[in-house]
Amino acid sequence: MGEADRPGAGQGLWQLSLAQFRHAVAERALPGCGAVTAVSADLAVALIVKALRVSAAQGDASCEALLAEARSLLGRPGAFADDDVAVFFEYLHGNEGETPALSRQACAVPLATAHACVEALGIAERALPMVEPSLRCDVEAAVLLLSACVDAVLLNVEADMGELDAQARADAQFACERLRQQSTQLRDRLSAR
């Protein structure tokens, strides 16, 4: 696969239509699960922003403040989609001497995606009681998506840990366990409401 064959070459994945993105996922080597998860996570954040934006129109200052926080997160998980494609393109086409550095990066990008998802889950937890009742389903759907995104993207990390040295592998495993635990705790608290 050459540079021109990479989906989004010369443009970010977010410049593709949904149909083009779906086609690239189904028919090309890249994007893969990391990019798909990052896009899904960003769409989940958009659901939270929507619920807060509509609810904030009622003039609630605390809702406005949380909306600003959610908007600042919007786009961050999605940016990791392009990073994921770039890292794996380099990994597939790099030389053997670059493998350790590329493996670290291949784990760092999905870990950053999972961290952004956990941050969004925290925003969702605070948003749920302040959004309009008719919009709670958007926040609840975002919680389910974000929790699934954490699980999915951490599979990506675990698949790529094999090339890491022992310390880096232990660090990545610890980070996976911490992020998975945070996600599960947030999801469980929100499910109990």
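For the structure itself, consult the block above.
The shown structure was predicted, so the numbers you read here are calculated from the model rather than taken from an experiment. (Residues numbered from 1 in each chain as written. Predicted model: local features only at pLDDT ≥ 70, side-chain atom pairs only at ≥ 80, totals over all residues. Heavy atoms only, no water.)

**Q** Any chance you could explain the environment of Ala46 here in plain terms?
**A** Examined against the element boundaries, Ala46 turns out to sit in helix H2 (residues 33-56). The exposure class of Ala46 is partly exposed, given its relative accessible area of 30%. (Helix = DSSP H or I, 4+ residues; strand = E, 2+ residues; numbered from the N terminus. Buried < 20%, exposed > 50% of the residue type's maximum accessible area, 1.4 Å probe, protein only.)

**Q** It is not clear to me how unusual backbone geometry should be interpreted in this structure. Could you clarify?
**A** Following Leu30, the chain continues into Pro31 via a peptide bond in cis, with omega recorded as 5°. Among the structural elements, Pro31 can be located in the loop between helix H1 (18-27) and H2.

**Q** Honestly, the pattern of salt bridges in this entry has me stumped. Any pointers?
**A** Proximity of charged atoms lets side chains of opposite charge pair with each other. The final tally for this structure, using the stated rule, is 8 salt bridges. The salt bridge involving Arg76 is made with Glu119; its shortest N-O contact spans 2.8 Å. One end of the pair, Arg76, is in helix H4 (residues 76-93); the other, Glu119, is in helix H5 (residues 99-127), with 43 residues separating them in the sequence. For Arg76, a relative accessible area of 33% gives the class partly exposed. A salt bridge links Glu158 to Arg180; the nearest nitrogen and oxygen atoms lie 3.2 Å apart. One end of the pair, Glu158, is in helix H6 (residues 136-160); the other, Arg180, is in helix H7 (residues 166-191), with 22 residues separating them in the sequence. Residue classification places Glu158 among the partly exposed positions, given a relative accessible area of 30%. Because the salt bridges share partners, they merge into one network encompassing Asp151, Glu158 and Arg180. (Salt bridge = Lys/Arg side-chain N within 4 Å of Asp/Glu carboxyl O.)

**Q** Sorry, what's going on with the packing of H5 against H7 here?
**A** The packing of two helices is summarised by the inter-axis angle and the distance between the axes. The contact between H5 and H7 brings their axes to 10 Å, and the two run at 20°. With respect to their mutual orientation, H5 and H7 come out roughly parallel. The interaxial crossing formed by H5 with H7 has left-handed handedness. Residues Leu111, Ala114, His115, Val118, Leu121, Gly122, Ala124 and Glu125 of H5 form the contact with H7, whose participating residues are Ala175, Cys176, Leu179, Gln182, Ser183, Leu186, Arg189 and Leu190. For the contact of H5 with H7, a count of residues per class yields 10 nonpolar, 4 polar and 2 charged. (Axes fitted to C-alpha atoms, helices over the stretch in contact; angles between N-to-C directions. Parallel < 35°, antiparallel > 145°, perpendicular 65-115°, else oblique. Left-handed = near helix turned anticlockwise from the far one by under 90°. Contact = heavy atoms within 4.5 Å. Nonpolar A, V, L, I, M, F, W, Y, C, P; charged D, E, K, R; others polar.)

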